[in-house]
Amino acid sequence: MENLGIGLIGYAFMGAAHSQAWRSAPRFFDLPLNPAMNVLCGRNAEAVQAAATKLGWKETETDWRKLLGRDDIQLVDVCTPGDSHAEIAIAALEAGKHVLCEKPLANTVEEAEAMTAAAEAARAKGIRSMVGFTYRRVPAIGLARRLVADGKLGTIRHVRAQYLQDWIADPEAPLSWRLDKEKAGSGALGDIGAHIIDLTQYITGDTIGEVSARLETFVKERPVAAEHSGLAGTAGTERGPVTVDDAAVFLATFRSGALGVFEATRFATGRKNAIRIEINGSLGSLAFDFEDMNLLHYYDATEDSRTAGFRRILATEPDHPYVAAWWPPGHLLGYEHGFTHQVVDLVTAIAEGADPEPSFADGLRVQRVLAAVEASSASRQWQEIPE
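Residues numbered from 1 in each chain as written. Predicted model: local features only at pLDDT ≥ 70, side-chain atom pairs only at ≥ 80, totals over all residues. Heavy atoms only, no water.

- As recorded in an unreviewed UniProt entry, the protein chain goes by Gfo/Idh/MocA family oxidoreductase and comes from Kribbella soli.

If you want it as structure tokens, here you go:
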């Protein structure tokens, strides 16, 4: 089988998740190309070597530009903070490398537009690109999309979406790059709100046309981190400003006329990674919560009212999306499986010469919603989102 040489840039939280996916995908799925974990790239030579040994990468680089010049790399996986996404992804595409880029696609609409233009130019030469909205690959989410596409919910009227975390609810939790606007672009809005924007548009097949929003930063100043690992860190003695939002709430109108209510926060005390989506239509409803990610709740309004009710669907059957490659029914999947499914879809699309989804254009669509939410919060007015 032909190898697809992978170069991963970034080795922290997302880098580890992506590494696990590249390692697992060919061992459980019959892929048309073999992902070869050739190079892990990071700025600190000692740290990146330790990560490569732990995560299963053959070699390391400390300069992503050198990575792009290597003949044994055909795909570049970008797991860096958002301020470097555009520069790295555009350079990789121009170097003839396929690109997988973590979400949100960029820190600004202008960067996302440039990345999308570069992706379109590369596509004409057979080079593919994808943005990493991995929650699309949860089997229960795939089933939800199928139910909507099959007309089981009828006309969509309401969309409710929440992404709730609490990892910085403690005001003494230290600063990280995710709390720095220059590096992250935004706070809860872009980091987790981007996911529910993408998920609701993906499930419904509709797009958001206008928003009215409010952003809030509850804790304006925090300790500077003495050390950091993943989402956790150890506070030092100095303090610094928080320059992003802690929470985002907004109303939305979808282009079909459906009404949306969105909330993204890192201050929902007790909620660790709750992605809650409920969609109501003229013929039924569905509900999902990632903290119970193998379940989808479905209500069929056409059933006899005497026995009608929400149906609890355990999305672990072989004919549910992706599940056939894993375990027998009832043997649950976890967070990491979405990343593996992402690899499967991307590698398959590259081999088939097809366009993987979500595309950079999909990422740009989400970026425009993020920008409109920020503008609405600043102006206290509704903001329209261009097609």
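There is more to say after this.
1. Regarding the sheet that holds strand β3 (residues 59-61)
Point 1. What the six strands build is an open sheet, ordered β3-β2-β1-β4-β5-β6; its pairing is parallel. The strands lining the two open edges of the sheet, one partner per strand, are β3 and β6 (129-132). Between one strand and the next, the sheet's axes are offset by a mean angle of 25°, whatever the strand orientation.
Point 2. In this structure, strand β2 (residues 34-41) lies alongside β3, joined through three bridges in parallel fashion. If you follow L40 over to β3, its bridge partner there is T60.
Point 3. The strands touched by helix α1 (residues 13-28) are β1 (3-9), β2, β4 (75-78) and β5 (98-102); relative to β2, the strand with the most contacts, the crossing angle is about 155°. (Pairing = 2+ DSSP bridges. Helix = DSSP H or I, 4+ residues; strand = E, 2+ residues; numbered from the N terminus. Axes fitted to C-alpha atoms, helices over the stretch in contact; angles between N-to-C directions. Contact = heavy atoms within 4.5 Å.)

2. Focus: the packing of aromatic side chains
Point 1. With the rule as written, the count across this model stands at 14 aromatic pairs.
Point 2. Look at F13 and Y335: their rings are 6.4 Å apart centre to centre, the planes differ by 20°, and that puts the pair in the stacked class. With a gap of 322 residues between them, F13 in helix α1 and Y335 in helix α9 (residues 335-352) connect regions that are remote in the sequence.
Point 3. Both rings, one in Y299 and one in F310, keep their centres 5.5 Å apart while their planes meet at 45°; by these two values the pair is tilted. Placement of the pair is Y299 in strand β15 (residues 295-300) and F310 in the loop between β15 and β16 (311-314), with a sequence separation of 11 residues.
Point 4. Residue class for Y299 comes out partly exposed when judged on its relative accessible area of 27%. (Phe/Tyr/Trp six-rings, centres within 6.5 Å; stacked < 30°, edge-to-face > 60°. Buried < 20%, exposed > 50% of the residue type's maximum accessible area, 1.4 Å probe, protein only.)

3. Details of unusual backbone geometry
Point 1. Residue P104 is reached from K103 by a cis peptide bond, and omega for that bond is -15°.
Point 2. Located in the positive-phi region is Y322, a residue other than glycine, with phi close to 75°.
Point 3. Residue classification places Y322 among the partly exposed residues on the basis of a relative accessible area of 22%.
Point 4. Its identity is not glycine, yet R380 carries a phi of approximately 60°, on the positive side.
Point 5. Within the secondary structure, R380 sits in the loop between α10 (360-379) and β17 (383-384).

4. Here we look at the UniProt feature "domain: Gfo/Idh/MocA-like oxidoreductase N-terminal" (unreviewed entry) in the protein chain
Point 1. Taking the numbering used here, the UniProt-annotated feature "domain: Gfo/Idh/MocA-like oxidoreductase N-terminal" (unreviewed entry) corresponds to residues 5-122.
Point 2. Within residues 5-122, the helical portion is 47% and the strand portion 21%, while the C-alpha atoms at the span's ends are 18 Å from each other. (UniProt positions renumbered as here; feature names shortened; annotations may be inferred.)

5. A short note on the sheet that holds β15
Point 1. On the basis of which strands lie adjacent, the open sheet formed by nine strands has the order β16-β15-β14-β13-β7-β12-β11-β8-β17 and mixed pairing. Each having just a single partner strand, β16 and β17 make up the two edges of the open sheet.
Point 2. Looking at chain direction, strand β13 (residues 274-281) and strand β14 (residues 284-289) are connected through five bridges and run antiparallel. What sits directly across from E278, in β14, is A287.

6. Describing the side chain of S19
Point 1. Relative to the helices and strands, S19 is located in helix α1.
Point 2. Once residues lying within four places of it in the same chain are set aside, the contact partners of S19 are L8, M37, L55 and W57.

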